[in-house]
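# Topology and contacts: notes
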Amino acid sequence: MRILLIGQPGAGKGTQAVLLAAQLSIRHISAGDLFREHIDQGTELGRNAHTHMRAGLLVPDEVTIAVMKERLARPDTEHGFLLDGFPRSLAQAQALDGILADAESRLDAVLDLEIPEADVVRRIAGRWLCRRSREHIFHVDYSPPEVAGVCDVCGGELYQRDDDRETTVRRRLEVYRSETAPVVDHYQAAGLVTTVSALGQVQEVLDRALAAIGRDEADASGASGS
Ligand code: AMP
């Protein structure tokens, strides 16, 4: 399956992306994680991306599209993927459509995780991420780690993202409205979008997302990944 996961900042996109990809046995590809890898490695691309990320802005389209084009060309995406946080602008969506058309491939579904804006800042401000795995995410209220600052799963150090401060989150919400909402409209016109409420427990949201693509957990655990 080829799925896009779209959602406002704070909708729990990263958490759901990891769980969905595991359930469906498809590759999870996060544009934000790819940029954070570059930042950790100190590459020029990473330094450039970090300037935009810290300000709550999108990394320029040509950089983002080049990174994702290279990532999608790797063989581990052959049997499907879940794109988390890409495309985030209309230009990126058109570029993705072109990449898929060239590969004679197409998207199966677009999931739009929806959350009231009033909940966004509170959810993001309490978020702690695992530096070692990048995939384990905790929240001081909703899913606190057993030991503060330490990942329950792998013992990695937990940290807060520097773009998770309130003013930056508000900027990210504005960017979402102006740049990313048109991406949802673009795929809506193609009949691919299902809106999934991001409210409630992690498992409830996952169940809704799986139902939206016609899979329940029992189906998904036996998925072939194609
Ligand atoms: P995320 O981890 O998905 O929340 O992304 C973190 C930040 O990385 C975003 O706020 C953007 O600054 C940048 N970013 C991630 N994905 C994209 C994208 N598709 N286009 C441009 N910038 C992106």
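You'll find the structure just up there.
Per chain, the residues get numbers from 1 upward, laid out in the order the sequence is written. Given that this is a predicted model, residues contribute local features only at a pLDDT of at least 70 and side-chain atom pairs are listed and counted only at 80 or more, while totals for whole chains, interfaces and linings are drawn from all residues. Side-chain measures were taken over the full set of non-hydrogen atoms in the model, leaving aside hydrogen atoms and water.

### Some details on the sheet that holds strand β3 (residues 81-84)
Only when DSSP finds a minimum of two bridges between them are two strands counted as paired. Labels follow the DSSP assignment, with helices taken as runs of H or I lasting at least four residues and strands as runs of E lasting at least two, numbered in each case from the N terminus. A sheet is described by the order of its strands in space; here five strands give the open sequence β2-β3-β1-β4-β8, paired in parallel fashion. Two strands in the sheet have a free side with no partner beyond their single neighbour: β2 (27-30) and β8 (193-197). With direction set aside, neighbouring strand axes in the sheet form an average angle of 20 degrees. Sheet strands in contact with helix α2 (residues 31-41) are β2 and β3, and its direction is about 65 degrees off that of β2. Running over the sheet, helix α4 (residues 61-72) touches β2 and β3 and is turned about 165 degrees from β2. Note on definitions: angles span 0 to 180 degrees between N-to-C directions of axes, and those axes are lines fitted to C-alpha atoms, for helices only across the stretch in contact. In this description, contact between two residues means that some pair of their heavy atoms is separated by no more than 4.5 Å.

### Things to note about α2
Exposure classes here rest on a 1.4 Å probe applied to the protein chains alone. A residue is buried below 20% of its type maximum, exposed above 50%, and partly exposed in between. Within the span of α2, buried status applies to A31, G32, D33, L34, F35 and R36. The inward-facing, buried residues of α2 abut β2, α3 (44-54), α4, β3 and β7 (158-159). Looking one or two residues past α2, G42 carries a phi angle of roughly 70 degrees, positive in sign.

### Some remarks on the sheet that holds β7
Spatial ordering of the open sheet is given by β6-β5-β7, a layout of three strands whose pairing is antiparallel. Across the chains shown, the open sheet's two edge strands, defined by having one partner strand only, are β6 (137-139) and β7. Direction of pairing for strand β5 (residues 127-130) relative to β6: antiparallel, over a ladder of three bridges. Directly across from W128, in β6, lies its bridge partner F138.

### Some thoughts on the pairing of strand β1 (residues 2-7)
Counted residue by residue, β1 has five buried out of six residues, so it is predominantly covered. Of the strand pairs in this sheet, β1 and β3 are connected by four bridges, and their pairing is parallel. Of the residues in β3, the one forming a bridge with R2 is F81. Where β1 and strand β4 (residues 109-114) come together, five bridges link them in parallel fashion. Bridging from a neighbouring strand, L4 pairs with V110 of β4.

### Regarding the packing of α2 against α3
The contact between α2 and α3 brings their axes to 7 Å, and the two run at 120 degrees. By the angle class used here, α2 and α3 are oblique. Once α2 is placed against α3, the crossing between them reads as left-handed. Contacts between α2 and α3 involve G32, F35, R36, H38 and I39 on the former and, on the latter, L45, G46, A49, H50 and M53. Polarity classes work like this: nonpolar for Ala, Val, Leu, Ile, Met, Phe, Trp, Tyr, Cys and Pro, charged for Asp, Glu, Lys and Arg, and polar for all others, with Gly in that last group. The class makeup of the residues in the contact of α2 with α3 is five nonpolar, four polar and one charged. Angular relationships are summarised with four words: roughly parallel below 35 degrees, roughly antiparallel beyond 145, roughly perpendicular across 65 to 115, and oblique for the angles in between. For any helix crossing, the convention is left-handed if the near helix is rotated counterclockwise from the far helix by under a right angle, and right-handed if that rotation is clockwise.

Worth remembering: the numbers are spatial, not functional.
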